[in-house]
Amino acid sequence: MSGIVSYGYYIPSFRITIKEIADMWNKKALSIQKSLNMHEKAVSGIDEDSLTMAYESACHALLDVKIKRSKIKALFFGTESPSYAVNPSSTILGDLLGLDNNYLAYDTQFACKAATGAIISSIGLLKSNMAEYVLVCASDKATAKPHDALEYTAASGSVTLLLGKTDIILEIVDFESFSTDTPDFWRREGIRYPSHGGRFTGKPSYFYHIEKSTQSLLKKQKLHPEDFKHAVFHMPNGKYPIQIAQSLGFKKSQIEKSLIVSYLGNSYTASSLMGLMSVLETACEGDLIFLASYGSGAGSDAFVLKVTKNLKKRRKDFKSKLKDKKYINYTTYLKYMNAV
Amino acid sequence: MNSIIGYYTTCFGELWDKSLFDLVKESIQGVFKSACIEKRQIDAVFFGNMLAGILENNLHSSSKIAEILKVNIPVFRVESACASGSIAFHLANQYLNSKSGKTVLVIGAEKMTDYPVQEITNALLGALSGEEQAAGLTFPGAYAMMAKAYMKKYGYGEKSLAYVSFKNHFHGSLNKQAHFQKKVTIRNILESPYIADPLKIFDCSPISDGACSLILTSDKSLIKKAKHSVSVLSCETATDTISLKKRKKIYELESTKIAADKAFKKAKLKRKDINVAEVHDCFSIAEILAMEDLGFWKKGKGGKLITYGLTMLGSNSKPIVNTSGGLKSAGHPVGATGVKQIGEIFLQLTNQAQNRQVKNLKYGLAHNIGGSGGTAVVTILGKKS
């Protein structure tokens, strides 16, 4: 049985409200809040980037597991805001965490699903006994061009999962991937901010891919939406996950706990996994959890997860951490995002 | 006299799974079926398109249409900004008048939504003067200046503009091919964000994909056999300076006035004879200016008269305007728009407009603008007597 042994997350303490951004651009804050179903987002500080946040979440994940770091034989780092264009973040993180040097390290890139893809690769390593433990890190300091619609949602955050085969808290029962060449969101080499296809990022992209991966996995597992206690969908905004859940037959009560985007924003690779962090705060032994990520370009990884009795040993507070926050104005936001 | 004997339009909207020529092909197949004719009966093709050369590096589209049709007949590509479709129709009408052929296919098509907004905005700027482009003017900016000048001159507020979009969205809600099929309230419009003051998002027509085709013929036997036909009483065009700054007044379109006078004279009709009209509402202000410049309303009165709902379906007044939803709600795939406007009048005059049908009709008018008024085309159609 392979699955998640431990988890950790990092949410930066700074917040900017949708109203603050809307007011700056002379837009109607209320209508933007309503259309995105969001009121604020998390912002990393001037001295934080995807790597520093990954270090924080990885330390959090390793805090309560007593395993020798030398047993972690692979470290995957999923991000679309790497500290270096060429130079792996995974090796820097591995060094900072004190892993011995006999481990496989690489960074993965697939928009917001770079880390869930790495989870699937990790399962292969675990099942083939090529690794006892694998660390998968999702971390992003997501940037958006000032005045672009993305500015309201692109946020910062990090999640790290320790995967293994013993003492697991969350069994990965099965997974399914769906991929196509769909250019809905991209950033070319040397270009500072990403571009996107507006509404094209919706129906033929986010909705189509998640629908396909989900339907395929449910069919394979002979499961139905009502079999799950919780469901988590990638959260580019507060509206899409509700719409996809409804169209697939999940009830609002099943996704409610995972909808962290309205107050944390979209932390890209960490987005759906951050929703899982919130769900794990209250999930009980035996609960089935459905998770579907989405990565532009495009693809979706869907997972059936099952909570084991070990969760209560390593359950972490989520809500209480959110209280540590400080609101910043738009100018400070630009400074923290290195835009000025 | 030439007659339209068939019309077909694709849906307008964000048609991401269809290319420009997928849309063209669908409209050709549709119009052949609608007119019950075969390609061997077509003597020439006129294709209105503005942007394929800029956006797709696809200028030689006439040859592509020959490839789709598998024919070797003359195919003419026509470009005149947002009036490309109706200029194609105008030339097709002239082609038949000169007896160069008997039956022609007129196509208007545009593919816009596959491109980022900045790229489309830039491509559309090709219809503004070089100096205005260099100064940073955009189309919403140009029409915003016209709106401001009009509102200042005659003392109207933004609410007058809102009534244009309110009406056209209502009409669009009745059109299954429209880009937007949703009614909006005056409040929705007035609370929508500004694009270029005083024009808000609901004052502006969208970027759309779509294609339309018409069959135009002078062949009496075809007209006699046709299930539906309408007569082309006149199709006239006029031009004006491309630069706004060179015009005497920027709150009226000289090209519209000239083309309308010529068209009414040729059709031997008066303004009051027109029952239904499709006018160019790329921005809400454009419909008010069009109603005045076409001579339906006295200059300066449009801002008031639009609020009375005189041109809305259900009104006893005439003409009823933009039953398709106009550019605002039906969508604005620029090269297709002129053909769609004429097609909508064809549908109305042949009682095929379904739940947006205006009753007791005899004459209809289509008015299409290129740029900010650099080109105007006015077409008057009459019911088969």
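Reading the values: rules and limits
- Residues numbered from 1 in each chain as written.
- Chains lettered and ligands numbered in written order.
- Predicted model: local features only at pLDDT ≥ 70, side-chain atom pairs only at ≥ 80, totals over all residues.
- Helix = DSSP H or I, 4+ residues; strand = E, 2+ residues; numbered from the N terminus.
- Rg over C-alpha atoms; globule rule 2.2 N^0.38 Å.
- Buried ≥ 20, exposed ≤ 12 C-beta atoms within 10 Å, placed from the backbone.
- Pairing = 2+ DSSP bridges.
- Contact = placed C-beta atoms within 7 Å.
- Nonpolar A, V, L, I, M, F, W, Y, C, P; charged D, E, K, R; others polar.
- pLDDT = per-residue confidence, 0-100.
- Domains from an automatic or database assignment.
- Axes fitted to C-alpha atoms, helices over the stretch in contact; angles between N-to-C directions.
- Parallel < 35°, antiparallel > 145°, perpendicular 65-115°, else oblique.
- Left-handed = near helix turned anticlockwise from the far one by under 90°.

Caption draft 1: Quick look at the overall build of chain B. When its secondary structure is counted, chain B shows 15 helices and 12 strands. For 385 residues, the compact-globule estimate of 2.2 N^0.38 gives 21 Å, and the C-alpha radius of gyration of chain B, at 19 Å, lies within 12% of that figure. Taken over the C-alpha atoms alone, chain B extends approximately 55 × 45 × 35 Å along its principal axes. The buried share among the 385 residues of chain B stands at 59%.

Caption draft 2: Region of interest: the sheet that holds strand β3 (residues 40-43) of chain A. All names here are of chain A. One open sheet holds the three strands; their spatial order is β3-β2-β14, and the pairing between them is mixed. Lying at the two open borders of the sheet, with one neighbouring strand each, are β3 and β14 (326-327). One ladder, built from two bridges, connects strand β2 (residues 14-17) with β14; its direction is parallel. From the neighbouring strand, Phe 14 faces β14, where its bridge partner is Lys 326.

Caption draft 3: Spotlight on the environment of Leu 222 of chain B. Residues and elements named next belong to chain B. Locating Leu 222 in the fold gives a position in helix α10 (residues 220-225). C-beta crowding within 10 Å serves as the criterion here: with 20 such atoms nearby, Leu 222 is assigned to the buried category. Separated by 187 residues in sequence, Leu 222 and Ala 35 have C-alpha atoms that sit 9.4 Å apart. Apart from the residues lying within four places of it in its own chain, the contact partners of Leu 222 are Ile 5, Thr 103 and Thr 217.

Caption draft 4: Highlighting the interface of chain B and chain A. Contacts between the two partners involve four residues from chain B, matched on the other side by six residues from chain A. Looking at the side of chain B that touches chain A residue by residue, the class counts come to three nonpolar, no polar and one charged.

Caption draft 5: Seen up close, the confidence of the model for chain B. Looking at chain B as a whole, its pLDDT mean stands at 97, while 100% of the residues score no less than 70. Both scores are given for the predicted complex: the pTM is 0.87, the ipTM 0.74.

Caption draft 6: Region of interest: the domain arrangement of chain A. Residue and element names in this part refer to chain A. By the assigned domains, chain A splits into domain 1 (3-169 + 315-336) and domain 2 (170-314). In this structure, domain 1 and domain 2 have C-alpha centres spaced 16 Å apart. Listed per partner, the contact involves 49 residues of domain 1 and 44 residues of domain 2. Mapped onto the side of domain 1 that touches domain 2, the elements with two or more residues apiece are β1 (3-10), β3, α5 (114-127), β6 (133-141) and β7 (156-164).

Caption draft 7: Local environment of the pairing of strand β8 (residues 170-182) of chain A. All names here are of chain A. Inspection of the sheet shows β1 paired to β8 by two bridges, in the antiparallel sense. In the strand pairing of β8, Ile 4 is matched with Leu 170. Where β8 and strand β13 (residues 297-307) come together, 10 bridges link them in antiparallel fashion. Counted as the bridge partner of Phe 175 is Phe 303 from β13.

Caption draft 8: Looking closely at the domain arrangement of chain B. Residues and elements named next belong to chain B. Along its sequence, chain B is organised into domain 1 (3-116 + 207-225) and domain 2 (128-206 + 231-383). Centre-to-centre separation of domain 1 and domain 2, based on C-alpha positions: 23 Å. Counting residues at the interface gives 35 residues for domain 1, matched by 33 residues for domain 2. Of all elements in the fold, only β1 (3-9), α4 (84-97), β4 (103-110) and β7 (210-217) reach the threshold of two or more residues within the side of domain 1 that touches domain 2.

Caption draft 9: Fine view of the packing of helix α1 (residues 20-35) of chain B against helix α3 (residues 61-69) of chain B. Residue and element names in this part refer to chain B. At their nearest, the axes of α1 and α3 sit 11 Å apart, and the two run at 50° to each other. Overall, the two elements α1 and α3 adopt an arrangement that is oblique. The handedness of the crossing between α1 and α3 comes out as right-handed. Mapping the contact onto sequence places Phe 21, Val 24, Lys 25 and Ile 28 in α1 and Lys 64, Ile 65, Ile 68 and Leu 69 in α3. Partitioned by chemical class, the residues of the contact of α1 with α3 number six nonpolar, no polar and two charged.

Caption draft 10: Unusual backbone geometry, seen in detail. Geometrically, the link from Gly 297 of chain A to Ala 298 of chain A is a cis peptide bond, its omega value of 10° lying close to zero. Cis geometry is found at the peptide bond from Asp 197 of chain B to Pro 198 of chain B, where omega equals 10°. Relative to the helices and strands, Pro 198 of chain B is located in the loop between β5 (194-196) and β6 (199-200). Here Asn 57 of chain B, not a glycine, exhibits a phi torsion of approximately 55°, which is positive. Checked against the element boundaries, Asn 57 of chain B lands in the loop between α2 (52-55) and α3. For Asn 57 of chain B, a count of 7 C-beta atoms within 10 Å translates into the label exposed. In this model, Lys 268 of chain B sits at a positive phi of 55°, which is unusual for a non-glycine residue.

Caption draft 11: Structural context of the pairing of strand β8 (residues 230-239) of chain B. Residues and elements named next belong to chain B. Summarising burial for β8: eight of the 10 residues are buried, a large majority. Relative to β8, β1 runs antiparallel, the two sharing two bridges. Note on β8: the bridge partner recorded for Ile 4 is Val 230. Sheet topology places β8 next to strand β12 (residues 375-383); nine bridges connect them, and they run antiparallel. Looking across to β12, one finds that Val 230 is bridged to Lys 383.

Caption draft 12: Looking closely at the sheet that holds strand β4 (residues 72-78) of chain A. All names here are of chain A. Taking strand neighbours across the sheet as the criterion, the nine strands line up as β5-β4-β6-β7-β1-β8-β13-β12-β11 in an open arrangement whose pairing is mixed. Each of the sheet's edge strands pairs with one partner strand only, and the pair in question is β5 (104-108) and β11 (230-233). Neighbour-to-neighbour, the strand axes of the sheet open up by a mean angle of 20°, direction not taken into account. The pairing of β1 with β7 spans seven bridges and is antiparallel. Residue Tyr 9 lies in a different strand from β7, and its bridge partner there is Val 159.

Caption draft 13: Local environment of the environment of Ile 28 of chain B. Residue and element names in this part refer to chain B. Considering the arrangement of structural elements, one finds Ile 28 in helix α1. Considering only alpha carbons, one finds Ile 28 and Ile 54, 26 residues apart in sequence, at a separation of 24 Å. The contact partners of Ile 28, leaving out residues within four places of it in the chain, are Ile 68, Leu 69, Leu 105, Ile 107 and Ser 213.

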